[in-house]
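# Analysis of the macromolecular model
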Amino acid sequence: MAVTPQFRDHIVDLLEPLGPIDTRRMFGGLSIRCEGRHFAMIIAETLYLTADEDLRADLLAAGGKIFSYAKRDRVVEAPRLVSVTEDLLEEPDALLPYALRSLAVARAS
């Protein structure tokens, strides 16, 4: 499923306090970048943040899911990408601390 322009714009608006945000096509979705650093993705109207072990644990505890996809006869998980729950997308003040941590993970790698 393609990312709608409305969802893309909503996510960019939410993340703009982090700095200049831009998007690029990636894996059938969009890569989200801040100051040229990839730190998140939108796939099928879901926001995924790049996570280290600590951030992954916090996002999973909040109800997020690890990004996975089907490949031939198996499911592949990408544990560095964890989804953000709908309630965080409706509350920018709650989302930004997670996004800031994701950006720090991206900058450290």
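Here goes a summary of the coordinates provided. Remember, it's a predicted structure, so these values are computed and weren't measured experimentally.

Criteria and thresholds
Residues numbered from 1 in each chain as written. Predicted model: local features only at pLDDT ≥ 70, side-chain atom pairs only at ≥ 80, totals over all residues. Heavy atoms only, no water. Helix = DSSP H or I, 4+ residues; strand = E, 2+ residues; numbered from the N terminus. Buried < 20%, exposed > 50% of the residue type's maximum accessible area, 1.4 Å probe, protein only. Contact = heavy atoms within 4.5 Å. Areas by Shrake-Rupley, 256 points an atom, 1.4 Å probe, with all protein chains shown as cover. Lys, Arg positive; Asp, Glu negative; His and termini not counted. Charge placed at Lys NZ, Arg CZ, Asp CG, Glu CD. Salt bridge = Lys/Arg side-chain N within 4 Å of Asp/Glu carboxyl O. Pairing = 2+ DSSP bridges. Arc of directions from axis to C-beta.

In terms of regular secondary structure, the chain is built from 4 helices and 6 strands. C-alpha atoms of the chain, sized along the principal axes, occupy 40 × 30 × 30 Å. Across the 109 residues that make up the chain, the buried fraction comes to 44%. Partitioning the contacts of the chain with sequence separation of at least 6, the portion at a separation of at least 24 is 48%. A total of about 6300 Å² of accessible surface is found on the chain, and carbon and sulfur atoms cover 52% of it. For the chain, the centre of its 13 positive side-chain charges and the centre of its 17 negative side-chain charges are spaced 11 Å apart.

For the structure shown, the criterion picks out 4 salt bridges. D58 is the salt-bridge partner of R101, the closest N and O atoms lying 2.8 Å from each other. Taken together, the residues span a long stretch of sequence, with R101 in helix α4 (residues 92-108) and D58 in helix α2 (residues 53-61) at a distance of 43 residues.

The subject of this paragraph is the pairing of strand β5 (residues 66-71). With 6 bridges joining them, β5 and strand β6 (residues 74-83) adopt antiparallel strand pairing. Bridge pairing in β6 links K71 to R74. Hairpin remark: β5 followed by β6, antiparallel, with 2 residues in the connecting loop; positive phi at R72, about 55 degrees.

Further remarks concern helix α1 (residues 5-15). In an α-helix, one turn spans 3.6 residues; hence positions three or four apart end up facing the same way. All of the buried residues along α1 are F7, I11, V12, L14 and L15. Along α1, the residues classed as buried sweep out an arc of 160 degrees about the axis, all on the same side. Structural note: α1 exposes P5, Q6 and D13 on the side pointing more than 90 degrees away from its buried face. At its buried positions, α1 is contacted by β1 (21-26), β2 (29-34), β3 (37-43), β4 (46-50), α3 (86-89) and α4.

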